[in-house]
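Observations on chain architecture
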Amino acid sequence: MLKVFKALVKRDMTLAWRRRTDLLNAVLFFVMVSSLFPLAIGADPKLLRLIGPGVVWVGALLSCQLTLPRLFASDHADQTLEAMVLAPTPLSVLVLAKVLSHWLCANMPLVFIAPVLGMQFGLGPEALGVLALSLALGTPSLSLIGAIAGALTLGLRGAGMLVALLVLPLYCPVLIMGCLAVEATVSGLSPEPYLLLLAAFSLATVAIGPWAIATAIGIAYE
Amino acid sequence: MLKVFKALVKRDMTLAWRRRTDLLNAVLFFVMVSSLFPLAIGADPKLLRLIGPGVVWVGALLSCQLTLPRLFASDHADQTLEAMVLAPTPLSVLVLAKVLSHWLCANMPLVFIAPVLGMQFGLGPEALGVLALSLALGTPSLSLIGAIAGALTLGLRGAGMLVALLVLPLYCPVLIMGCLAVEATVSGLSPEPYLLLLAAFSLATVAIGPWAIATAIGIAYE
Amino acid sequence: MLQVKQLTCVRADRPVFQGLSFDLKASRLMQVVGVNGSGKTSLLRILAGLLKPAEGSVSWRGMPIEQQTSDYSLARVYMGHANALKGDLSAMENLHWACLLAGRDPTQPVIAEALNHWGLNRRHHLPLRVLSQGQQRRAALARLSLLLDAKLWLLDEPFAALDTEAQEALEHLIARFLDEGGSVILTTHQAFGLSPRITDRVDLDRLRASC
Amino acid sequence: MLQVKQLTCVRADRPVFQGLSFDLKASRLMQVVGVNGSGKTSLLRILAGLLKPAEGSVSWRGMPIEQQTSDYSLARVYMGHANALKGDLSAMENLHWACLLAGRDPTQPVIAEALNHWGLNRRHHLPLRVLSQGQQRRAALARLSLLLDAKLWLLDEPFAALDTEAQEALEHLIARFLDEGGSVILTTHQAFGLSPRITDRVDLDRLRASC
Amino acid sequence: MSSATPNQALIGSRWFKYASPATFYPLAGTLAPWFAVLSLLLFGLGLYISFFVAPTDAQQGEAYRIIFIHVPAAWMSMVIYLAMAFWAGLGLAFHTRLSGMMASALAPSGALFTVIALWTGAFWGKPTWGAWWVWDARLTSELLLLFLYLGFMALQAAIEDPRRADRAGALLALVGVVNIPIIYFSVQWWNTLHQGASVSFTRAPSMAMTMLEGMMVMSLACWAYVFAVVLWRVRKIILIRERNSDWVRQLQQKGVL
Ligand code: HEM
Ligand SMILES: Nc1ncnc2c1ncn2[C@@H]1O[C@H](COP(=O)(O)OP(=O)(O)OP(=O)(O)O)[C@@H](O)[C@H]1O
Ligand SMILES: Nc1ncnc2c1ncn2[C@@H]1O[C@H](COP(=O)(O)OP(=O)(O)OP(=O)(O)O)[C@@H](O)[C@H]1O
Ligand SMILES: [Mg+2]
Ligand SMILES: [Mg+2]
């Protein structure tokens, strides 16, 4: 079982590497959203510092959900997902492997890039650290929730937008906690409670997520 | 030729209608992105009024960006695009028809909804009008530029990144003009010069766009 | 009508076939044979104008196809292995649109008749994606019934996924097209009923580029 | 081994076939026949466990397949018309992964041998999307060479897109699998060389649900 | 992907008798008109109380009367989501067909009441706060609730196979219901940091007894309305889904339909 898990993580990462432009696009999208704002709003440094954490977090969130609809869609289209459904290994294990490799390829880069973007908005070093940390803690649950939506919309027309629609309200707590953590740091308070909440939320989704995703895929195939 | 043009507009609009949830979803995405920002940034009305035009414009731009890459991709995947390339009607005409119907279905609704979102950010009636007008004038060029990018990514596997980089700078003028127009109104100045510039930019892209798109598709097929 | 001279095909830097020449007259049926990967699909795509050959030329009525205006577009029909139909449109809508695009404008009853002929009687208005693989193929082929006024059909594995009844219908259609002066170039791995009418044959295995 | 009782299939509210029962023993070759749209693909998907029948049951060694744990997963191999391969992975990678997923773990040389057997000699490491349609199908079928220890193969139009050579290879493989005690259920519209070995036949046209 | 076959013992028990669409259909048919009449009566009474009996508010004048529709609608919007999730969970666990139909019948009503709560709130906000919309915690979570409803309906609309639509919707509703408290609290924390005193509910000092009565009657009216509409909608859904079944054919032959 562990063998198949590892093999699937490796396969998905190989595939991601072969199509690295897709990943780059997600990262680029993130950079783009965050850089468009100063353009759209004007360059008042105080204003930028105020909106900085929010903009970066929204960018990360949108970039996540941009890549998620395709998490299962391509496997569905070429029917390799069928092979997974029919496999002796439990589907929830396979699904966890897929989400993990997606997180590694698509979300981890955001964690590293976010501080650079935060700098554009004039955030201090401590706030930048908390920004990266909050993203690292929050994005796993974004991935898992997004994957649930992706599985529910398998094979449906217009799945991309539908996923966005299903997922955005569910993302709000993560977004709010993440922004609050950074803003607390900016205003000299401790971000700890928010970070803990983020971590707890991520753990909870890791516990429930794979089951929900496997159920959702099962629903698509029955 | 006009007959085929009309038929293609009709076909694409029929397809869009069959998938009307897609369109609704694009609109909802627009609404949600704009509602995420207050959540991320905080609810200070003064701050929100400042960033309102920018948020709505960025939302429109992202919503455009999400639907456009698929403009040709689905026709490419099921090889109906081949039939268009082989057709006696010039490809640029067919392409213009596709972009037109995309604009009618996906962007026009944004123009009508933008004022409602602007209200959430506390913009006044005049600013709301200018917001809608600037979107109406600006989105055609967003569509056409996006379609060029979509066409280029068809053939050039691995050049997606490059294309995104090429397209982004083209989007920026539209975004900046649009936001400046609204902000000018908010601060009591005339938005006219910006609106005229937007219109001019759109006209220019309408003139050049179809040819560029047809060429890009041609590249994908040779 | 169709004249091919010293055609060489290279795909992704690997040569596929070289030095192919032939001259196809009206009312001829040409079968392209060769093992998997010998370049049959590539050849048809070159003839259609969807792929550029590495060397050589393809001319239609004496003029190279890349210089043709809409003449060749109206005369040639290409059907690849994909059906080029939209899953969300009905068979009716798909056919109407495909014909418009090919420069024809058949009326509804004419299209309906073609569909009936292909055994899709009660399925004109269902979205195509709920049809079985063979039914979708039938819908794609029904286009040929409406394009009998063309001059050249390029058919890539047209018999795939068809049951015996549909296969016979296609054979009849091809025979009729030949009788009306059209030419057909097709590839297939299956035996089919028109063998006596095959007048030309290209064996790509013999032209395999040494690599 | 595989027991089917009173199976009824309904797709999108339209009945497809009803009242299908059979009992498949070891070493049997069953052909499912029927016109386009008669429900062959649907039947195979039901047997594989990818589609729920409207009524009736499918049991493997006496136990309904929806209650099976990994037993049935290891015993049954399903190949639909799509190849279930990734265009961006090489044939080698694709096969290795497919076998792992099916609960086997063949070594590289074993996989390479299977690929060679299917005539993909110098193409082990090319991304699959640059292969021709028939070569891709060969890569998909090479999986079967590695799954001879299974008990039941469900093959949906396995001969499509194959040239004569590959078709014969597949026939040999099926014969070998039958000899080793496996059972095969397949659908095809083409004539194929194993006709004398067909022991069971299901004709879906006779079970057409009145609608 | 095995899904347990419906538990025969449960289905057999009396409790589950009405889980069969065939038995529920006539029952719903008998009940719906009664609820419709009841809701009409209650609406009449409630509107009478709220417009003619309840006194004018000292601070807000007549505008406060929006409360009689606003608060019941806000309540309904939340209760209906819970009911929807309840049915959805039941359907997912026991494969009862009716549960899914109930959930899909409830969703539009829920969305409607959410929209009404938002709309009346916005209408009320203009005179009292001077703005159509502020990013208050309660308002924001109500907006997100609307998005959840819309997501549910969009998902169901996108899936053609009704069985899959039911089950996918059910899973989504359950995930949503787990999230609602989390959303609610996160929005509250978020808001307290920024907002504080600038926005607060300018509530009438003490709610007059008649106001409370009016609100209660209006709430009951909404309940009755929801029952009537949902039962009616379920009947339509049953007919569409079961149109190939024997009992629907028999009804058609008898000319009842
Ligand atoms: C779009 C704007 C608004 C929305 C979305 C909204 C939403 C809600 C919700 C969800 C509730 C139910 C809360 C609960 O029972 O826990 C509620 C109750 C209430 N709302 Fe609003 N509201 C809005 C505007 C207003 C305005 C402008 C006022 C008055 C100035 C107002 C006054 C009240 C009152 C008095 C209650 C009853 C509170 C209680 O009983 O606890 N609302 N509203
Ligand atoms: N996804 C689907 N949704 C709804 N109906 C479908 C779907 N797929 C197939 N059908 C219907 O089910 C019936 C049987 O289809 P199926 O694909 O099983 O036929 P088949 O025997 O495999 O045909 P073919 O020889 O063309 O492959 C057809 O009438 C088809 O219209
Ligand atoms: N998109 C592509 N990119 C690069 N090489 C390709 C591509 N498609 C096919 N090839 C290569 O070109 C050669 C010929 O392919 P083609 O599809 O023309 O063969 P074919 O004769 O149609 O085979 P089949 O009988 O399998 O359909 C093959 O060796 C294949 O590997
Ligand atoms: Mg080919
Ligand atoms: Mg089939």
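Read on for an overview of the structure. (Residues numbered from 1 in each chain as written. Chains lettered and ligands numbered in written order. Predicted model: local features only at pLDDT ≥ 70, side-chain atom pairs only at ≥ 80, totals over all residues. Heavy atoms only, no water.)

Of regular secondary structure, chain A possesses nine helices and zero strands. Listed N to C, the secondary structure of chain A is α-α-α-α-α-α-α-α-α in terms of helices and strands. Here chain A has a C-alpha radius of gyration of 18 Å; the compact-globule value for 222 residues is 17 Å, and the two agree. Projecting the C-alpha coordinates of chain A onto the three principal axes gives extents of approximately 55 × 35 × 30 Å. Out of the 222 residues in chain A, the part that is buried amounts to 66%. (Helix = DSSP H or I, 4+ residues; strand = E, 2+ residues; numbered from the N terminus. Rg over C-alpha atoms; globule rule 2.2 N^0.38 Å. Buried < 20%, exposed > 50% of the residue type's maximum accessible area, 1.4 Å probe, protein only.)

Our next topic: the site of ligand 3. For ligand 3, the set of nearby residues contains 18 residues, the closest of which are Lys40(C), Thr41(C), Ser42(C), Ser132(D) and Gly134(D). Here His189(C) contributes a side-chain N or O atom positioned 3.0 Å from an oxygen atom of ligand 3. Put simply, the parts of the chain that give the shell around ligand 3 at least two residues each are α1 (40–48) of chain C together with α5 (133–146) of chain D. Tallied by class, residues from the shell around ligand 3 come to four nonpolar, eleven polar and three charged. (Near = heavy atom within 4 Å. Polar contact = N/O pair within 3.5 Å; in protein donor to acceptor, adjacent residues only side chain to side chain. Nonpolar A, V, L, I, M, F, W, Y, C, P; charged D, E, K, R; others polar.)

Further remarks concern the interface of chain C and chain B. In this assembly, 24 residues from chain C lie in contact with 24 residues from chain B. Where chain C abuts chain B, roughly 2,200 Å² becomes buried across the two surfaces, and 61% of that area is made up of carbon and sulfur atoms. Applying the counting rule to chain C against chain B returns six residue pairs in polar contact (both at pLDDT 80 or more). Contributing elements (two or more residues each) for the side of chain C that touches chain B: α1, α2 (70–75), β6 (76–79) and α3 (91–101) of chain C. If you tally residues by element for the side of chain C that touches chain B, the top one is α3(C), at four residues. Per-class residue counts for the side of chain C that touches chain B are 13 nonpolar, four polar and seven charged. (Contact = heavy atoms within 4.5 Å. Buried area = accessible area lost by both parts, 1.4 Å probe.)

Here we take up the site of ligand 1. All names here are of chain E. If you check the shell around ligand 1, you find 19 residues, and the closest are His-70, Trp-75, Leu-118, Trp-124 and Glu-142. Between a nitrogen atom of ligand 1 and a side-chain N or O atom of His-70, the distance comes to 2.8 Å. Within the side chain of Trp-75, an N or O atom sits 3.0 Å from an oxygen atom of ligand 1. Secondary-structure elements contributing two or more residues to the shell around ligand 1 are α3 (67–94), α4 (97–129) and α5 (137–158). Tallied by class, the residues present in the shell around ligand 1 amount to twelve nonpolar, five polar and two charged.

What follows concerns the nonpolar core. Nonpolar side chains tend toward joint burial in soluble globular proteins. If you look at the biggest cluster of nonpolar residues, it comprises 292 residues, and the most contacted ones within it are Ile217(A), Ile185(C) and Ile185(D). Ranked by residues supplied to this core, first place goes to helix α8 (residues 159–186) of chain A with 20 residues. For Ile185(C), the residues in contact, after removing those within four places along its chain, are Leu2(C), Phe22(C), Leu24(C), Met30(C), Val32(C), Leu44(C), Leu47(C), Leu152(C), Trp153(C), Leu154(C) and Leu155(C). (Core = buried A, V, L, I, M, F, W, Y, C linked by side-chain atoms within 4.5 Å.)

The subject of this paragraph is a nonpolar patch on the surface. A cluster of nonpolar side chains, contributed by Val116(B), Met119(B), Val115(E), Trp119(E), Phe123(E) and Trp132(E), occupies part of the molecular surface with about 610 Å² of accessible area. Of all the secondary-structure elements, those providing two or more residues to the nonpolar patch are α6 (91–120) of chain B together with α4 of chain E. At three residues, the largest contribution of residues to the nonpolar patch is made by α4(E). Residue placement: Met119(B) occurs in helix α6. (Patch = residues over 30% accessible without salt bridge, like charges linked within 9 Å, V, L, I, M, F, W, Y side chains within 5 Å. Areas by Shrake-Rupley, 256 points an atom, 1.4 Å probe, with all protein chains shown as cover. Salt bridge = Lys/Arg side-chain N within 4 Å of Asp/Glu carboxyl O.)

Let's shift gears to the packing of α3(E) against helix α7 (residues 209–241) of chain E. Residues and elements named next belong to chain E. Two elements in contact, α3 and α7, have axes separated by 9 Å at closest approach and are oriented at 45°. Accordingly, the angle class assigned to the pair α3 and α7 is oblique. For α3 against α7, the interelement crossing comes out right-handed. From α3, Ile-67, Phe-68, Ile-69, Val-71, Pro-72, Trp-75, Met-76, Val-79 and Ile-80 reach across to α7, where they touch Met-211, Gly-214, Met-215, Met-216, Met-218, Ser-219, Cys-222, Trp-223 and Val-226. (Axes fitted to C-alpha atoms, helices over the stretch in contact; angles between N-to-C directions. Parallel < 35°, antiparallel > 145°, perpendicular 65-115°, else oblique. Left-handed = near helix turned anticlockwise from the far one by under 90°.)

The next subject is the sheet that holds strand β1 (residues 2–11) of chain D. Residues and elements named next belong to chain D. As summarised here, the arrangement of the four strands in space is β2-β1-β4-β5, forming an open sheet in which the pairing is antiparallel. Each edge of the sheet is formed by a strand with only one pairing partner; in this case those strands are β2 (14–24) and β5 (63–64). Against the sheet, helix α1 (residues 40–48) makes contact with β1, β2 and β4 (55–60), and its axis sits at roughly 125° relative to β1, the strand it touches most. (Pairing = 2+ DSSP bridges.)

Only one protein atom coordinates the iron atom of ligand 1: His70(E) (NE2), located 2.1 Å from the metal. Tracing the backbone through its elements, the reader meets His70(E) in helix α3. (Donors = N, O, S within 2.8 Å, 3.2 Å for Na, K, Ca; no water.)

Once that is clear, we can look at unusual backbone geometry. All names here are of chain D. Even without being glycine, Ala-84 reaches a positive phi, approximately 55°. Mapped onto the elements, Ala-84 comes out in the loop between β6 (76–79) and α3 (91–101). Residue Glu-157 is not a glycine yet carries a positive backbone phi of 45°. Looking at the secondary structure, you find Glu-157 in the loop between β7 (152–156) and α6 (164–179).

Residue and element names in this part refer to chain D. Most of strand β3 (residues 29–33) is tucked away: five of the five residues are buried. Burial of the side chains of β3 extends over both faces: Leu-29, Gln-31 and Val-33 are buried on one face and Met-30 and Val-32 on the other. Across four bridges, β3 lies against strand β8 (residues 183–187) in parallel orientation. The residue of β8 that forms the bridge with Gln-31 is Leu-186. Both β3 and strand β9 (residues 200–203) contribute to a ladder of four bridges, which runs parallel. The partner of Gln-31 across the bridge, within β9, is Arg-201.

What follows covers the sheet that holds β6(D). Residue and element names in this part refer to chain D. As summarised here, the arrangement of the five strands in space is β6-β7-β8-β3-β9, forming an open sheet in which the pairing is parallel. In this open sheet, the two strands that pair with only one neighbour each are β6 and β9. Across the sheet, the mean angle from the axis of one strand to that of its neighbour is 15°, orientation sign disregarded. By the bridge criterion, five bridges tie β7 to β8 in an arrangement that is parallel. What sits directly across from Leu-154, in β8, is Ile-185. Across the sheet, α1 lies against β3, β6, β7 and β8, angled at about 150° from β7, the strand it touches most. Packing against the sheet, α5 makes contact with β6 and β7, and its axis sits at approximately 175° to β6.

Next up on the list: α6(D). All names here are of chain D. Its 16 residues place the ends of α6 23 Å apart at the C-alpha level, agreeing with the 22 Å of an ideal helix rising 1.5 Å per residue. Burial in α6 covers these residues: Ala-166, Gln-167, Ala-169, Leu-170, Glu-171, Leu-173, Ile-174, Ala-175, Phe-177 and Leu-178. For α6, the secondary structure elements touched by its buried residues are β3, α5, β7 and β8. Where α6 ends, the next residue or the one after it, Gly-181, has phi of about 100°, a positive value. (Expected span 1.5 Å × (residues − 1).)

Another aspect to go through is the pattern of salt bridges. Taken as a whole and assessed by the stated rule, the structure comprises 30 salt bridges over all chains. The salt bridge partner of Asp12(A) is Lys98(A), with a shortest N-O separation of 2.8 Å. With Asp12(A) in helix α1 (residues 2–18) and Lys98(A) in helix α6 (residues 91–120), this pair connects stretches of sequence that are 86 residues apart. Taken individually, Asp12(A) and Lys98(A) each receive the classification buried, so the pair is uniform in this respect. Close ionic contact of Arg28(D) with Asp200(D) constitutes a salt bridge, the shortest N to O distance being 3.3 Å. Highlighted residues: Arg28(D) in the loop between β2 and β3 and Asp200(D) in strand β9, separated in sequence by 172 residues. Among the residues examined, Arg28(D) registers a relative accessible area of 29% and is labelled partly exposed. Look at Asp200(D) and you get buried, because its relative accessible area is 14%. Here the salt bridges do not stand alone but share partners, grouping Arg11(A), Asp12(A), Asp75(A), Asp78(A), Lys98(A) and Lys86(D) into one network.

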